[in-house]
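Reading the structure
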Amino acid sequence: MRRRISKKFFLPIGMLMLFLGMLLPQLAQTGSKQAEWKTLTKGRDVFQAACASCHGTNGQGKSIESVGFKTPLPDFTDCNFTSREPADDWFQIARLGGPVRGFNQMMPAFGDALDEAQLKAAIRHVKQFCSETDKWPDGIFNLPRALVTGKAFPEDEYVFAYAMNGGLSEFQGKFITEKRLGARHQLELAVPFVVKEVIREGSDQTSWGEGVGDMALGYKLNVFHSLKSLTIVSLSTEVIVPTGDEYDDIGKGIFRIEPFLALGQIIPHVGFLQIQAGAELSTKTDRVAHELFWRAAFGHSFQRGGYGRTWSPMVEVLGAKELEDGAFINWHIVPELQVTLNQRQHVMLCLGAEIPTRNLNSADDVKYMAYLLWDWFDGGFTEGW
Ligand code: HEC
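From a predicted model like this one, the values you see are computed outputs, not experimental measurements.

**Comments concerning the overall build of the protein**
Each helix and strand counted, the protein has six helices and 14 strands in total. A compact globule built from 385 residues should have a C-alpha radius of gyration of about 21 Å, whereas the protein, at 28 Å, is more than 25% larger. Taken along its principal axes, the extent of the C-alpha atoms in the protein is 115 × 45 × 35 Å. Counting the 385 residues in the protein, one finds 41% classified as buried. Long-range pairs, those at least 24 residues apart, make up 54% of the contacts in the protein with a sequence separation of at least 6. Side chains of the protein give 39 positive and 45 negative charges; the mean places of these two sets differ by 17 Å.

**A short note on helix H6 (residues 116–127)**
If you check H6, its first and last C-alpha atoms are 16 Å apart, about what twelve residues at 1.5 Å a residue would give, namely 16 Å. Capping the start of H6, Asp115 holds a side-chain oxygen 3.3 Å from the backbone nitrogen of Ala117, two or three residues further along.

**Considerations on the coordination of the iron atom of the ligand**
The iron atom of the ligand binds to the protein through His55 (NE2) and Met107 (SD), with metal-donor distances spanning 2.0 to 2.1 Å. Classification of the site at the iron atom of the ligand as octahedral follows from its six donor atoms and the range of 87 to 179° in their angles at the metal. In this pair, His55 sits in helix H2 (residues 43–55) while Met107 sits in the loop between helix H5 (87–96) and H6, placing the two residues 52 residues apart along the sequence. A residue is classified by how much of its surface remains accessible, and Met107, at 23% relative accessible area, is partly exposed.

**A short note on the pairing of strand E4 (residues 206–212)**
Here strand E3 (residues 185–199) runs beside E4; their pairing, made up of seven bridges, is antiparallel. Its bridge partner being in E4, Glu197 is matched across the sheet by Trp208. With antiparallel pairing between neighbouring strands as the criterion, E3 and E4 make up a hairpin whose turn holds six residues, including Gly202 at a positive phi of roughly 80°.

**Brief notes about empty space enclosed by the protein**
Counted by the stated rule, this structure contains one cavity of 30 Å³ or more. Looking at the largest cavity, its volume works out to about 30 Å³. Forming the walls of the largest cavity are Phe141, Leu143, Lys151, Ala152, Phe153, Ile232, Leu263, Gly264 and Gln274. For the lining of the largest cavity, the class distribution of residues is six nonpolar, two polar and one charged.

**Some details on the environment of Trp294**
Positionally, Trp294 belongs in strand E9 (residues 291–299). With sequence-adjacent residues up to four places away left out, Trp294 is seen in contact with Gln276, Ala277, Val317, Leu318, Gly319, Ala320, Lys321, Ile329 and Trp331.

Analysis parameters
Residues numbered from 1 in each chain as written. Predicted model: local features only at pLDDT ≥ 70, side-chain atom pairs only at ≥ 80, totals over all residues. Heavy atoms only, no water. Helix = DSSP H or I, 4+ residues; strand = E, 2+ residues; numbered from the N terminus. Rg over C-alpha atoms; globule rule 2.2 N^0.38 Å. Buried < 20%, exposed > 50% of the residue type's maximum accessible area, 1.4 Å probe, protein only. Contact = heavy atoms within 4.5 Å. Lys, Arg positive; Asp, Glu negative; His and termini not counted. Charge placed at Lys NZ, Arg CZ, Asp CG, Glu CD. Expected span 1.5 Å × (residues − 1). Polar contact = N/O pair within 3.5 Å; in protein donor to acceptor, adjacent residues only side chain to side chain. Donors = N, O, S within 2.8 Å, 3.2 Å for Na, K, Ca; no water. Tetrahedral: all angles 85-135°; square planar, octahedral: opposite > 155°, others 65-115°. Pairing = 2+ DSSP bridges. 1 Å grid on protein atoms, 1.4 Å probe; cavity = no way out; pocket = protein on both sides within 12 Å on 5 of 7 lines; lining within 4 Å. Points joined across faces, edges and corners; volume = space filled by probe spheres on them. Nonpolar A, V, L, I, M, F, W, Y, C, P; charged D, E, K, R; others polar.

Function-wise, these values are silent; they only describe arrangement.
Okay, here's the thing in structure tokens:
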């Protein structure tokens, strides 16, 4: 009898002891690991202790076979990737985990195990895996795109812009594609499409005209960026091609060349300022005069808890003057709001209105504007919602 009972209990007790025997050292190890982490201050040490098991000591990311999950690890030594992500965004991902920005949950949250200073130091270490930070402008300079004022940061994005006047007599859609080349160059193509009310010759009735407008081809070169002064400066040139329908006054009918300078300035705790100044040079001044323009956008980005949806209210002041005798300076004010639509924050919407400061006589004089922007380098349109 006694022998039988003890035999019956022997197996489960033995199993339990074996299980505890395997688990306890593991638990003790994690406990001591976490205690060890608390003493780390240097970014490199934090990274080696907490991140290198997946991201690799050299930041290149371990292979799928060695980490045992399928999500590929990013290569932090690739400047094209590492330079363009702002450190604050990455700090939030390390603190709250991948899903906070629509990334995979295999990127864990470290907010409980590591404090803010440790995580920020680890991110600084991650950022320096790009060995050419002086060449590649940092993602912090990728300021919210204003409706009119051009940006200095070289982009990879698609923008669909839309405008209509308050009198509902003119509608314009514009598809813009921007492709970054290397650290500091960017190409751009803009294709507008216009639908508008026209009065054709020999008729006193209005009818609708529509067609492709004047396309523009652009090249941007980033000439200066400094994390010390928080400034970025670029030079651009656009060639505007007379593809538009002159008959319905949709295009200007001549080639124009538009050189301009764009500057972005971050003002800590206040916001950001973007300035664009240049000229639209006519190739036939008897038909279209040269024009000078200067534009500024001031704004501030608000983000709930430092990681939620980003709201960026902005106001632009636009000035333009044709180089003709007696031409006035045209001033416009553009209040607007940009908002990120998804968790990854790489799809954005902006709404605003361009209001003339004088000669505001009818609804026709106000232009309502919008754009939908997809920063395609950060993922597919449907990713990260
Ligand atoms: C368990 C494995 C693992 C550990 C440990 C880990 N990561 Fe990650 N991390 C990932 C994976 C997987 C991704 C890619 C997620 C994706 O693409 O959806 C990632 C992505 C990232 C990204 C890039 C997000 C982007 O913009 O693409 C950053 C930054 C990052 N990790 C930082 C860290 C830091 C800092 C640590 C240490 C404190 C750390 N990771 C520890 C697995 C890990």
